[in-house]
Structure formats: C-alpha cells, structure tokens
Amino acid sequence: MIEIKDLHKSYKVGKSSLHVLKGININIEGGELVAIMGSSGSGKSTLLNILGMLDVADKGSYTLDGVPIKDLDETKAAKYRNKFLGFVFQSFNLINYKTALENVALPLYYQRISRKVRQKTAMEYLEKVGLAEWAVHLPSELSGGQKQRIAIARALAAQPKVLLADEPTGALDSTTSYEVMQLIQEINDEGKTILVVTHETDIANMCKRIVLLKDGVIIEDKKVTQVRASEHV
Amino acid sequence: MMLMFNRDTWQEIFGSIKKNKARTIITVIGVLWGIFIYIVLSGAAKGLDNGFEERFEDVAMNSMFAWAQQTSVPYAGFKTGRPIQLKLGDVQVLNTRVPEIQYIAPRIVKGVFGDGPGSVVRGQRTGTYNVYGDYPVLSKIATQKIYIGGRFINEGDTEEDRKVCVIGERTKKELFAKDEEPVGKYIRIDNVFFRVIGVKKYEEGGGFGDDGDINIPFTTFKKLYNTGDNVGWLAIAAYDDADVMQVEVDVKNILKKIHQISPEDDRAIGSFNLGEIFNKINGFAKGLTFLSLVVGIATIIAGVIGIGNILLISVKERTKELGVRRALGATPSEVRGQIILESVFLTMVAGIFGIVLGSFVLRGIDAATQDTDIPYTNPTVPIPYVVGALFIMVVLGTLIGLIPAQRAVSIKPIDALREE
C-alpha cells in the first residue's frame, strides 16, 4: 500500500540545515496497523507529514497504492489527500462552528458529493463511531474522547486508502485512549490500513507492527502480537 | 464560477460569517454607511436639482428681459443722464435684426415702478393691484396657468382693445365671494369696467409678479393710461439652440442703436438673463451631484477596506481551520474562492441594506419638505448610478478579498495545523 525508498528531509534552521529524515525505507501492506514510535525530534511527525502529503521530501520515492507521489502542487496534493488519506490529529482539529455531522461531511464536500448523499454518509459514519445521537451538537458540547471519535469518523467518511493518526490519544486520559484505540482496531479489522504516530508504548502495542525511529533512521521494525484495547476497557 | 451557484458554498460562507456575528455586523455597517451616504447625498442633490427645475419650469430657460434706464455716457450730442423710453417699434426692429429671437413680448405695468397701482372696485369691495399690459405671446415665454373656465388674453382682445382682464388668485379672493365664479363678471379698474376672462394660478419664480396681478391687453392698457407706444420692458425667448447670452448682448446693442445710446454705455439698457441664472443653479446642482459621488465612493472604499481588514484578521484566526480544510482536501483555489466570496457577499449585503436605508431616508426628507419653500422635489438616484455603485462594490470587494485570500493560501497546511 505504501512504499517508501530512501526518503530524506532536512529543514533550514537559520544558516545550518537540520537533517531530520536520513534515508527511510519502509513498506506497508494493505490492512496493516502500524505504530510509528520515537522520542520527540526523531522525525516521526515529519515522516507522517510527508506520508500525508502535507510536506514534501527532498529525496527518495513515495508510492501510495501504486500511484507515485511526486511533483505535487497544492491543488494536486489537496486532491490526493482527499482521495487517499484520512487524518486524525492529536488536537482533534474539528471545526468548532460546525456540528458533528457537518464536520464528518466536510471531506465529502470537497469531493463535490451532493448534499443529501453527504449527510447520509456522514450519518452512517457517526453511527459507526457510536455518536449518531450527537450529530447536531457542536464540538464544544462534546468530551475529548467523543471529539476524537468524530474526527475518526471524518477521516473515514471519504473512504481513504490509509488513515494517518498523529498522536490520536495524546490529549486523552487512558480510559478514553483505550476507547479510541478500540475504535481504531475495529476499523483496522475491517481491512483499513492505519498508521499511528505515538510515543506511548501501550498504545503502540495495540498495533500489529511497531516502527521505531531515532535520529531520522529506522532502528527497529518489528511485528508484534496485538493487544486488544477491549481488554483494558 | 461554479462555486458561486453552489448551495454548499453559500452554506460554508454563512457558517463562517455566523461564527462572528458581532464582528460581521460592525464590518457590514462600515460599507452600509458608505453606500448610505452616497445614496442620500446624490438623492438629495437630485432632489434639489429637480426642485430648481420645477421652480423654473413655467419660464422658458432661455429667456431674458430688457428694460431702459438712464444713459451714463454722453453721446451724439445728448447729455448724460437722459432717460430712455422703449417703444413698441423696437419690437419690430429686434424681431428682424436678431434671428435667434423666437418670441418677444413687450410688457408694461402700472404699480411696480414708483407709480400707484390701479385701484379696483367691485361692488362694495375694493383693492389696489398692479395692472399689466400684455400681448398674448407672453404665455409662450412664461406659461400662464389659467383655472379651468377661463383663458389668457388672445389676439382678438389686443386687436379690438377689449376691456377684458385676467386676475390673480388673491384678487379673486378679495373681490369675489368664496364660491363665486369670476369669469364673465365685471370689475372696475381705475373707473373703467373690465370683464374677467380668467383667473391665473400664481407660480413663484420668473420676475416680480405676485398673486394679485391683473393682466389686460396691451392695447387697452395704453388707452386706459395714455401711455402711447411706451413699453415698460421686453420679455424675450430665444430658440432652444440659441445662446441666450449672445442674444442678450445683441438685443442690448440694437436697442442702444435705436435710442442713440453710446455703445460704451453699460447702464442705459438693463437686462436680466434667466438662462444665466439657471446655468448657475444648474452648475451648483451638478457640483453637488459630483461632490456626493466623490464623497460616496470614498466612503464606500473606506468601508470595503474595513471588510478586507476584518477578513485578514479572520483569516489569521482561522489559520488552523483553513489548514484542516486543506488537509481534508480543499484546494487552494477553493479556499481562495470562499474568502473572496465572503468578501463580496458581505459587501453586497451591506450595499443593498445601505441602498434600502438610504431610499427610506430620502423618502423621509421628501415627505418633510413636501409643503415647504425648500426647492426639493422627488429625490431619486438614477438606477444606473445604483447599479454602478453596486458594481464598484463587487469589484472592490473582490480586490480587497484577494489580499486575505492570498494570505490564506500562502500558509502551508502543515504550518497551519501546527499553529496552536
């Protein structure tokens, strides 16, 4: 599903340049649930941003579902993001003046799907994350866990190939974290490819594979036996 | 373009506008005020313009008056200070020598220039009124509004020196009972009986007439008062395409020649040119219209800049939201389009409200000045001006919207998302 070869990325910091990613090679198959771990500054967020086409690599190749991702202008990147990727953020990033339903429907809006279909699809995904009765509520009326579940519903609504989650449990307490992870596991069980950036070991262990980054290189890439989040709840 | 007619686009715009109601309203007021000022000012200017026009509508715009005074320069053996008397014969000469003259009406009056007014008696009622000797052609120069049932002096009256008269509204009120019909009745002017043939509606403007004036045929006048061929003054209307100023000069020159006045004598013949006065007033009204245009546009620009300013702040505040939208697949042109549409929409709403409000105020002013002396009639703003103002606002709204829109798309989604 995802093929990355010799990926390099450096940032200019003043006059010197900071080499963040120093040749990443990774293959992720369809249906995998991968945790990307590493301490801060290890380059895990940068990697996720490049995977999410929010950032561009300096060197190396990136193929997503057989489509080479290169020479992206903003318009093209926007289209790819919309078609291929679903994002889940640490701080949820829901639009605060839109209801839960409208938030979930937003990616469909950018796919130019008609309003009726959009509402219907969004409602389906809200049901999937168990928040159908909160459809008309604003994000400010929801708890952190609920917000993240709305965000996951939003990420899924456009039926992306890959779900990218950047510290999805970073702002949540452990009980809520496990609930969110349980949802992520369920989605993965249905065959969706999911990447989770985290620095929490227990969250990483709920994935099927852990990729450990340090100083811009992968120092460990192992398959793990998945701990089901439902055991903790 | 598709973006514009999409219901969803508008829902997005309403969503983001609704988010900041107070700020949106205050911003809108800026533009609203601009167009409001523009509409009220230019409507008021138009109202004044109409008002002036209405005042003068009964008098030919290209008309003038000429009268004789005393010479101020010795000439051809005559001493200075010689009084000049215009004669009926002058009319003939002027008519042939000045081809631009369309109508010329010699007039004479008793009661205005120092002599006593005519004393009028009807039964027990008496009064003194200015008596004018007129030719029917006067009505071509200054419209004579006669109440139904009556008429103005006609050719037959002058040819046969008929003892008929047209009386003013006040004269009628003072000499006749309330619901008495004066036409056909007789009044005695300086001991001669005259039959009333019409009652004239008094209109302001155009000379020194008042609502008590009595008009009798010129020929009758000269018999009644023994004035011979004397003419008090000449009322002249030039053709529409003629330059009435030039006509004024020509007429004076010819009169000077006839009466052996020095060409350098500026005082012997007096004249008064309505065209000139009218042009001055017209110019004033035009200036006012122009001023209102300038002030209005400037205020609109200030308002639109306010909208741009607010949108810039709003874009800054919504950096993160815009980042999320772009992560979810909004293209830069969609983001840009949305912000520009927001700008244009706010401008338009403000504009339309301003126009409506302005129209109400104009209507209010119109109602308030309805029965007053202020020359103010039917204050309107021509539709092309309104449409033009709206068009300018759309253009300005788009241009000003470009700045925040460009700012919005210049932030990379990743930076936008990182912003806390």
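Just above, that's the structure.
Draft legend 1. Spatial organisation of the pairing of strand β7 (residues 164–168) of chain B. Residues and elements named next belong to chain B. In terms of residue burial, β7 counts as a mostly covered element, since five of its five residues are buried. Because side chains alternate across β7, one face comprises the buried residues Val164, Val166 and Gly168, and the other comprises Cys165 and Ile167, equally buried. Strand direction decides the pairing type here: β7 and strand β9 (residues 192–200), joined by five bridges, are parallel. By the bridge assignment, glycine 168 is partnered in β9 with lysine 200.

Draft legend 2. Quick peek at the environment of glycine 228 of chain B. On the secondary structure map, glycine 228 of chain B appears in the loop between α7 (218–225) and β11 (230–231). Taking C-alpha positions, glycine 228 of chain B is 8.7 Å from lysine 87 of chain B, a pair spaced 141 residues apart along the chain.

Draft legend 3. Local environment of the interface of chain B and chain A. Between chain B and chain A, the contact holds 26 residues from the first and 26 residues from the second. On the chain B side of the interface with chain A, the three residues burying the most area are Asp8, Leu328 and Ile414 of chain B, jointly 24% of the side's total. When the shortest N-O distance is used, the salt bridge between arginine 112 of chain A and glutamate 334 of chain B registers 2.9 Å. The interface formed by chain B and chain A includes nine residue pairs in polar contact (both at pLDDT 80 or more). Going through the elements one at a time, α1 (7–19), α10 (319–327), α11 (332–368) and α13 (413–418) of chain B are the ones with two or more residues in the side of chain B that touches chain A. If one sorts the elements of the side of chain B that touches chain A by residue count, α1 of chain B sits on top with eight residues.

Draft legend 4. Quick peek at the sheet that holds strand β3 (residues 33–37) of chain A. Residues and elements named next belong to chain A. Read from one edge to the other, the open sheet built from six strands follows the order β6-β7-β8-β3-β9-β10, with strand pairing classed as mixed. Two strands in the sheet have a free side with no partner beyond their single neighbour: β6 (85–88) and β10 (217–223). Here the average twist between neighbouring strands, direction ignored, is 15°. Note: β6 against strand β7 (residues 162–166), four bridges, orientation parallel. By the bridge assignment, leucine 85 is partnered in β7 with valine 162.

Draft legend 5. Local environment of the sheet that holds strand β10 (residues 214–217) of chain B. Residues and elements named next belong to chain B. With respect to topology, eleven strands assemble into an open sheet ordered β5-β4-β8-β9-β7-β10-β6-β3-β12-β1-β13, the strand pairing being mixed. The open sheet has two free edges, formed respectively by β5 (125–129) and β13 (269–273), since each of these has just one partner strand. The average angle at which neighbouring strand axes cross in this sheet is 30°, direction not considered. Strand direction decides the pairing type here: strand β4 (residues 118–122) and strand β8 (residues 186–189), joined by two bridges, are antiparallel. Bridged to valine 120 within β8 is isoleucine 189. Docked against the sheet, helix α3 (residues 88–97) engages β3 (101–110) and β12 (233–238), running at close to 165° with respect to β3.

Rules used in this analysis
- Residues numbered from 1 in each chain as written.
- Chains lettered and ligands numbered in written order.
- Predicted model: local features only at pLDDT ≥ 70, side-chain atom pairs only at ≥ 80, totals over all residues.
- Heavy atoms only, no water.
- Buried < 20%, exposed > 50% of the residue type's maximum accessible area, 1.4 Å probe, protein only.
- Helix = DSSP H or I, 4+ residues; strand = E, 2+ residues; numbered from the N terminus.
- Pairing = 2+ DSSP bridges.
- Contact = heavy atoms within 4.5 Å.
- Buried area = accessible area lost by both parts, 1.4 Å probe.
- Salt bridge = Lys/Arg side-chain N within 4 Å of Asp/Glu carboxyl O.
- Polar contact = N/O pair within 3.5 Å; in protein donor to acceptor, adjacent residues only side chain to side chain.
- Axes fitted to C-alpha atoms, helices over the stretch in contact; angles between N-to-C directions.

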